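Listed below are the residues making up each chain.
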2 protein chains.
Amino acid sequence: MKRIRIRVAYDGTAYTGFQKQGDGTAVQDILEAAVFAATGERVRSLGASRTDAGVHARDNILVFDSRHPIPADRWSYALNCHLPEDIVVFHSEIVAADHHPLRQHYKKTYEYHVTQARFPNPLTARYSWWIREVLDVEVMRCAMKKLIGRHDFEAFRGGTHEYKSTVRTIYTADVSQRGEEIILSVTGDGFLYNMVRIIAGTVIYAGKGKFGPDRIDEMLRTRDRLLSGPTAPACGLVLARIEETDNPDNM
Amino acid sequence: MKRIRIRVAYDGTAYTGFQKQGDGTAVQDILEAAVFAATGERVRSLGASRTDAGVHARDNILVFDSRHPIPADRWSYALNCHLPEDIVVFHSEIVAADHHPLRQHYKKTYEYHVTQARFPNPLTARYSWWIREVLDVEVMRCAMKKLIGRHDFEAFRGGTHEYKSTVRTIYTADVSQRGEEIILSVTGDGFLYNMVRIIAGTVIYAGKGKFGPDRIDEMLRTRDRLLSGPTAPACGLVLARIEETDNPDNM
């Protein structure tokens, strides 16, 4: 028995999220079905990031065990034959038998894409949130930078899940602009449910002039979800990168 | 009666091309239906560029006559209410009553998008041609530059349409690269059927090392379609810009 780790990119538009929920419509369901098609094995897999319904990924991780003799670096090819066009496995390797993606120290980078234009752009609509108002990118950048560090992100999380701790570390956070495209990027040791989408909604509110960047400090201090902005739509979010790190406190 | 000119962007994936063919599945059909929904008028419209099935546009032009009192600059809003998400009108104006888009001197810019990567990218697949082989971008740039000028593009056209002339002028042609994305761009006074897709297929063949850039000269001289490369897939092509020009020979 070998433990296989694959890296996968997907267009999340058609799926109910990464993690399976029992109805067969998650990216993980499709990947497990591809493993079955390639090997005849019904595997139970574990993912590194549970992206929401409609969220995309350029890099997510799935781990499963198999007895099949497919060589470590050939799993991508074996699985892609059985996957739809909107899911692609682009890397595969054998990892230690006790490797567990939720216990690994990963550094995750998300991007939130905004199209700031007078009219919606049908060529970016699938992967970007259209904002008609002119955004102040410099204010947005200041607001993003306020998030860097180790903070309690209770004001930036959705859902009713009971976390052991809502403290997370943000290593880098920035905003870039190219023409009508604005990209918010954030790298951290982990993210709460809806956290990046609420960060995006909040920072875009700041960019619209609804409040100044200093208000972010207040949100972090009070932990009050009523102070932060709306949850930005899923389509604009992409899990861009997952990096392994041995010593997360040393970054 | 006023002559209205609208500018429109669309994701061409779902359509049989820009120009209507009688079965209601072209972008022009959808636009005429939106005019009817907004005004109650059945118009006969004229487009500036007949993009193929599956080809996208950031800027195409449609002209039609209407008696409706919608102000010149409000047509975008009036029509977008009745359009699907993959077609957006982003500009409108009144033009002279004898304005005819096919008799205008337009400078058109097309882009052909390529994703050069070991595995397909599900986040660019809708708008880009995936090429697994490593491409020599410098060779591709040399090949593109060979097309600049006034030439007979018989070797770079598909279909059996009888043109009065297959001579066209290319003003600029270049290749740019950003990460795994390679963009071929070409600006000209007009393009033959499939011409940009055959240019893309040919230049990509050069980038794969199948022939040197000098072979382009031979294709232009011999007018032999058998010498040029394959017709690249529609999904990678986008009509990027249409500019009006009074004196096309003076550019």
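Residues numbered from 1 in each chain as written. Chains lettered and ligands numbered in written order. Predicted model: local features only at pLDDT ≥ 70, side-chain atom pairs only at ≥ 80, totals over all residues. Heavy atoms only, no water.

**A word on the relation of the copies chain B and chain A**
You can overlay chain B on chain A at an RMSD of 0.0 Å; the transform is a turn of 180 degrees with a shift of 0.0 Å along its axis. In short, the pair behaves as if placed about a two-fold rotation axis. (Least-squares fit on C-alpha atoms with pLDDT ≥ 70 in both.)

**Digging into the pattern of salt bridges**
Summed over the entire model, instances satisfying the criterion amount to 42 salt bridges over all chains. Between glutamate 154 of chain A and arginine 157 of chain A there is a salt bridge, with its nearest N and O atoms 3.4 Å apart. Look at arginine 157 of chain A and you get buried, because its relative accessible area is 13%. Arginine 150 of chain B is the partner of aspartate 189 of chain B in a salt bridge, and the nearest nitrogen-oxygen pair spans 3.9 Å. Residue aspartate 189 of chain B is found in the loop between β9 (181-188) and α4 (195-207), and its partner arginine 150 of chain B is found in strand β7 (residues 149-152); the two are separated by 39 residues along the sequence. If you follow the salt bridges from partner to partner, you end up with Glu138, Arg141, Lys145 and Asp174 of chain A in one network. (Salt bridge = Lys/Arg side-chain N within 4 Å of Asp/Glu carboxyl O. Buried < 20%, exposed > 50% of the residue type's maximum accessible area, 1.4 Å probe, protein only. Helix = DSSP H or I, 4+ residues; strand = E, 2+ residues; numbered from the N terminus.)

**Quick word on the nonpolar core**
Judged by nonpolar contacts, the single largest core of 65 residues is most densely connected at Ile6, Leu31, Met144, Phe156 and Leu184 of chain B. With eight residues, α4 of chain B is the largest single contributor of residues to this core. Apart from the residues within four sequence positions on either side, leucine 184 of chain B is in contact with Tyr110, Glu111, Tyr112, Val114, Met140, Met144, Asp174, Val175, Ala200 and Val203 of chain B. Within the second largest apolar cluster, 64 residues are counted, among which are Ala57, Tyr110, Leu147 and Ala234 of chain A. (Core = buried A, V, L, I, M, F, W, Y, C linked by side-chain atoms within 4.5 Å. Contact = heavy atoms within 4.5 Å.)

**Section: the interface of chain B and chain A**
Taken together, the 25 residues of chain B in the interface contact 25 residues of chain A. Of the roughly 1900 Å² buried between chain B and chain A on both sides combined, carbon and sulfur atoms contribute 66%. Broken down residue by residue, the surface that chain B buries against chain A is led by Phe119, Pro122 and Leu123 of chain B, which jointly contribute 37%. Counting across the interface, chain B meets chain A through zero salt bridges. Scanning the region where chain B abuts chain A turns up four residue pairs in polar contact (both at pLDDT 80 or more). At the level of secondary structure, the elements contributing two or more residues to the side of chain B that touches chain A comprise β1 (2-10), β3 (56-66), α2 (75-80) and β4 (87-95) of chain B. Take the side of chain B that touches chain A: its biggest share by element is four residues, from β4 of chain B. Within the side of chain B that touches chain A, the residues separate by chemical class into 14 nonpolar, three polar and eight charged. (Buried area = accessible area lost by both parts, 1.4 Å probe. Polar contact = N/O pair within 3.5 Å; in protein donor to acceptor, adjacent residues only side chain to side chain. Nonpolar A, V, L, I, M, F, W, Y, C, P; charged D, E, K, R; others polar.)

**Things to note about the environment of leucine 46 of chain B**
Positionally, leucine 46 of chain B belongs in strand β2 (residues 46-47). Sequence spacing of leucine 46 of chain B and glutamine 19 of chain B is 27 residues, and the spatial spacing of their C-alpha atoms is 8.5 Å.

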